[in-house]
Amino acid sequence: MRVAILGAGSIAYGGAAFLSQQGHDPVLWSPSGKRGQALAKGEALVAKGAVEGSFKVAVAASCRDAVQGAQAVLIALPANGHKLVIDAAAPHLKPDQTIIISSHTSFSGLYLAKLLAKRGISVPIVAWGTTVTAGRQTSDAGVNVAVVRAKVDAAVLPVSATAPALTLCKTLFGDRFIERPDMLAIALSNLNPQNHMGIALCNFTRMEKGEQWGQNDNITTSVGNLLQALDAERLAIAAAVGHKVRTIQEHYHLSFHVPPGPVGEMSRAIVSRGGDGKGPPTIDTRYVLEDAPYGLLPTVLLGRLAGVEAPLHAAGIRIFSALYGHDLAAENDLLPELGLEAMDLDRLRTLVRDGWQN
């Protein structure tokens, strides 16, 4: 299949390598136009790690060119780029295409559905709770794929399109998707914001000083306790809205293939087998600048809708805002378009199942 990948960072490159390895035809589009230039000039994409190989990957000059003729469109870039990419893609999408958001955050799928409803069309939108691949871009033509996740939560909008949309995901990426009821469940299944908050907050000076440090090596027993406390807030909100979601221990077990236990112990098990990745060497990192406004904030707002406070999540946003000297919550450009703060839970439940026609 031809798959348009909107993005040209590590997740986009990892997805392109994986799809190429499976015999599909990915085409990348860089919103900034700065990445993928080596690939556009004919260099092969070289993948190492969990995906190995050298692949010829096309690079489109525009978003329109990328999505034209694609059976699937994969949105694969940080959440602070979702609105820009969705605004660019929405005028060109067609009902016979399937949109996959990797990974879904801050209800960006609802924003896309709202734009499509204004055009009078509905396109299946698949929201993943995390990415299939994880790793780092090593060059403009290289990627190190640290892991290919065994299981990925997924939900579809509208829910009536679930069966064919998830079948397409399995055709492209293998039988690894766990069906979730709706995008609300996915919003509460994304552990990255809470995990990244604990990791970044407890290692902030390492990032600010530009140190090279092992991420799992520095998830000590105490940091693991913080991550588990953050997880408890998320699980309480999910229970209040009627969804059962994966715990942090289950996530670590399925993603990194280590025995379940306290998070600190699981992190040490990852390190002991030589699988530790590096933490961010700068405070200009998605661990904060993406995850605080686009991950922590929606969790706090969902908690309020459900009558469950999330004091650690809320404190994280305020502490990071103080550290950076500006209001990170104000940087979310998706939630104001949806009016989530003024919405009640019943309205949100309807939207994540049926879209904007109701």
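Everything discussed here concerns the structure shown above.
As a starting point, this report considers the structure included with it. (Residues numbered from 1 in each chain as written. Predicted model: local features only at pLDDT ≥ 70, side-chain atom pairs only at ≥ 80, totals over all residues. Heavy atoms only, no water.)

Details of unusual backbone geometry
Most of the time, phi is negative for any residue but glycine, and the peptide bond is trans. A cis amide bond, omega -5°, links Ser102 with the succeeding residue Ser103. A cis amide bond links Leu157 to the next residue, Pro158, at an omega of -5°. Position of Pro158 among the secondary structure elements: in the loop between strand E11 (152-157) and helix H6 (162-173). Unusually for a residue other than glycine, Phe107 sits at a positive phi of about 55°. Counting through the fold element by element, Phe107 comes out in the loop between strand E7 (98-101) and helix H5 (108-118). (Helix = DSSP H or I, 4+ residues; strand = E, 2+ residues; numbered from the N terminus.)

Side note on the sheet that holds strand E10 (residues 142-148)
Strand order in the open sheet formed by 4 strands is E4-E3-E10-E9, and the pairing between neighbours is mixed. Every other strand in the sheet has two partners, leaving strand E4 (53-55) and strand E9 (133-139) as the edge strands with one partner each. When strand polarity is set aside, the average angle formed by the axes of neighbouring strands in this sheet is 25°. Each of strand E3 (45-49), E4, E9 and E10 is contacted by helix H1 (residues 10-21), which is oriented at about 105° to E9, the strand it contacts most. (Pairing = 2+ DSSP bridges. Axes fitted to C-alpha atoms, helices over the stretch in contact; angles between N-to-C directions. Contact = heavy atoms within 4.5 Å.)

Regarding the pattern of salt bridges
Summed over the entire model, instances satisfying the criterion amount to 5 salt bridges. For Asp87, the salt bridge goes to Lys83, with nearest N and O atoms at 3.0 Å. Of the two residues, Asp87 and Lys83 are both situated in helix H4 (residues 82-89); the distance of 4 residues between them amounts to about one turn of the helix. A salt bridge links Arg206 to Glu211; the shortest N-O distance between them is 4.0 Å. The exposure class of Arg206 is partly exposed, given its relative accessible area of 28%. (Salt bridge = Lys/Arg side-chain N within 4 Å of Asp/Glu carboxyl O. Buried < 20%, exposed > 50% of the residue type's maximum accessible area, 1.4 Å probe, protein only.)

What about the pairing of E3?
The pairing of E3 with E4 spans 3 bridges and is classified as antiparallel. Considered in E4, the bridge of Val46 is made with Ser54. Note that E3 and E10 share 4 bridges and pair parallel. Bridge pairing in E10 places Val46 opposite Gly142.

Topic: the packing of aromatic side chains
Taken as a whole and judged by the stated rule, the model has 5 aromatic pairs. The interplanar angle of 20° and the centroid separation of 5.7 Å between the aromatic rings of Phe18 and Phe173 together place this pair among those described as stacked. Taken together, the residues Phe18 in helix H1 and Phe173 in helix H6 connect sequence positions 155 residues apart. Across this residue pair, the class does not change: Phe18 and Phe173 are buried. Through a chain of ring-to-ring contacts, three or more aromatic side chains come together here, namely Phe18, Trp128, Phe173 and Phe177. If you follow Lys114 out to its NZ or CZ, it ends over the ring of Trp356, 5.0 Å from the centre. (Phe/Tyr/Trp six-rings, centres within 6.5 Å; stacked < 30°, edge-to-face > 60°. Lys NZ or Arg CZ within 6 Å of the ring centre and 35° of its normal.)

What about the side chain of Asp182?
With respect to the helices and strands, the residue Asp182 is situated in the loop between strand E12 (177-179) and helix H7 (183-187). The buried charged residue Asp182 lacks any salt bridge, with Arg353 as its nearest oppositely charged partner at 4.3 Å. At 2.9 Å, the side chain of Asp182 forms a polar contact with the backbone nitrogen of Leu184. Discounting residues that sit within four places of it in the chain, Asp182 has contacts with Ala155, His243, Val352 and Arg353. (Lys, Arg positive; Asp, Glu negative; His and termini not counted. Polar contact = N/O pair within 3.5 Å; in protein donor to acceptor, adjacent residues only side chain to side chain.)

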